[in-house]
Every structure is written in structure tokens, then in C-alpha cells.
Amino acid sequence: MNPDLLRGNLELIVLSILQQRPLYGFAIIQEARSRTDGYFDFKEGSLYPALHRMEQEGLLAAQYGESGRNGKPRKYYAVTDKGRQMLEARRQEFSTFTAAVMRLSGV
């Protein structure tokens, strides 16, 4: 996968995954891999800064939950109302963009 495509759509990907249920960081990565047959295989170094930014912007809310293998509580992220609105807007935008690219390519 082109890393530029991932960077430009990471917010859409994360919000789409978290709309179903709150998850902690590594579980988000695993969910992305499993639901796309490995296509979205991003690293923690790109995910965690995006999660923190999205939390600061009010798109996600975080809460500490069960402890991981290291004994520290895991930080679970959930989509806020603002995040759900953003998800819908980003999906529409992506759909419009994809349709326009397909028209350009004659498909």
C-alpha cells in the first residue's frame, strides 16, 4: 500500500474501526489488518500520534481499561458524537473523490 494514501486516510480508517466498539491502540492495528486481509498494515508509530491528535480534536474519547501484558492499563478509544459527524463527512468526501478518479480513468 502507498504510505501517502494511508496517511491521508488514517482518520477515516480509525473512525470506521472504532464506530463499532472502543478499542486500544494495538487492537485497532489488528482489527485493520484482519478486516482488510492485511492491506491496512500500519505501525504503532503512525497510529498513536493520530489517536492523540484525534482525541485533542474531540473526535475520540479515551478511557483506561483492562491491563495489558505489561501490567499497565490500556487506553481505550471511542468515537464521540463529533467523531461520528466527521466520519460521515469523510466517507462522503472519499466516495465523491473515488467516483471522480474512476471517471477520469474511464472505469
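None of the values given here were measured: they were computed from a predicted structure.

Asks: Got a minute to help me understand the pattern of salt bridges in this structure?
Replies: In the structure shown here, the tally under the stated rule is eleven salt bridges. Ionic pairing is found between R33 and D41, a salt bridge with its closest N-O pair at 2.4 Å. Judged by its relative accessible area of 28%, R33 is partly exposed.

Asks: Would you take a moment to explain the environment of T80 for this structure?
Replies: Note on placement: T80 falls in the loop between strand 3 (73-79) and helix 4 (81-105). Among all residues touching T80, those that are not within four sequence positions of it are G58, L59, L60 and A61. Engagement of the side chain of T80 in a polar contact is seen with the backbone oxygen of G58, the distance being 2.5 Å.

Asks: Honestly, unusual backbone geometry in this entry has me stumped. Any pointers?
Replies: In most cases, non-glycine residues show a negative phi, while peptide bonds are predominantly trans. Despite not being glycine, D37 has its phi angle at roughly 50 degrees, a positive value. Relative to the helices and strands, D37 resides in the loop between helix 2 (25-35) and helix 3 (44-56).

Asks: How do you make sense of helix 2 when you look at a structure like this?
Replies: For an α-helix the count is 3.6 residues per turn, leaving residues at separations of three or four pointing the same way. Considered for burial, the residues of helix 2 that qualify are G25, A27, I28, I29, E31 and A32. Against helix 1 (3-18), strand 1 (23-24), helix 3 and strand 3 lie the buried residues of helix 2. Phi turns positive one or two residues past the end of helix 2, at D37, with a value near 50 degrees.

Asks: I'm lost on helix 1 in this one. Help?
Replies: For helix 1, spanning 16 residues, the distance from its first C-alpha to its last is 21 Å, which sits close to the expected 22 Å at 1.5 Å a residue. Its axis deflected by about 60 degrees at N9, helix 1 carries its strongest bend there. The inward-facing, buried residues of helix 1 contact strand 1, helix 2, helix 3, strand 2 (60-67), strand 3 and helix 4.

Asks: Looking at this structure, I do not really get the packing of aromatic side chains. What am I missing?
Replies: Here a ring pair, both rings aromatic, is described through the centre-centre distance and the interplanar angle of the planes. Enumeration over the complete set of coordinates arrives at two aromatic pairs. Ring geometry for Y24 versus Y76: centroids 5.4 Å apart, planes at 75 degrees, classification edge-to-face. Of the two residues, Y24 is situated in strand 1 and Y76 in strand 3; the sequence distance between them amounts to 52 residues. For Y24, a relative accessible area of 18% corresponds to the buried category. Here the guanidinium or amino end of R74 rests over the ring plane of Y24, the centre of that ring lying 4.1 Å away.

Asks: Honestly, the sheet that holds strand 1 in this entry has me stumped. Any pointers?
Replies: The strands making up a sheet are joined through hydrogen bonds of the backbone, oriented either antiparallel or parallel. Spatially, 1-3-2 is the arrangement adopted by the three strands of the open sheet, whose pairing is antiparallel. Two strands lie at the open edges of the sheet, namely strand 1 and strand 2, each paired on one side alone. Strand direction decides the pairing type here: strand 2 and strand 3, joined by six bridges, are antiparallel. Bridge pairing in strand 3 places L60 opposite V79. The sheet strands contacting helix 3 are strand 2 and strand 3, and the helix crosses strand 3 at an angle near 55 degrees.

The rules behind each value
- Residues numbered from 1 in each chain as written.
- Predicted model: local features only at pLDDT ≥ 70, side-chain atom pairs only at ≥ 80, totals over all residues.
- Heavy atoms only, no water.
- Salt bridge = Lys/Arg side-chain N within 4 Å of Asp/Glu carboxyl O.
- Buried < 20%, exposed > 50% of the residue type's maximum accessible area, 1.4 Å probe, protein only.
- Helix = DSSP H or I, 4+ residues; strand = E, 2+ residues; numbered from the N terminus.
- Contact = heavy atoms within 4.5 Å.
- Polar contact = N/O pair within 3.5 Å; in protein donor to acceptor, adjacent residues only side chain to side chain.
- Expected span 1.5 Å × (residues − 1).
- Bend = angle between axes of the 7 residues up to and from the residue.
- Phe/Tyr/Trp six-rings, centres within 6.5 Å; stacked < 30°, edge-to-face > 60°.
- Lys NZ or Arg CZ within 6 Å of the ring centre and 35° of its normal.
- Pairing = 2+ DSSP bridges.
- Axes fitted to C-alpha atoms, helices over the stretch in contact; angles between N-to-C directions.

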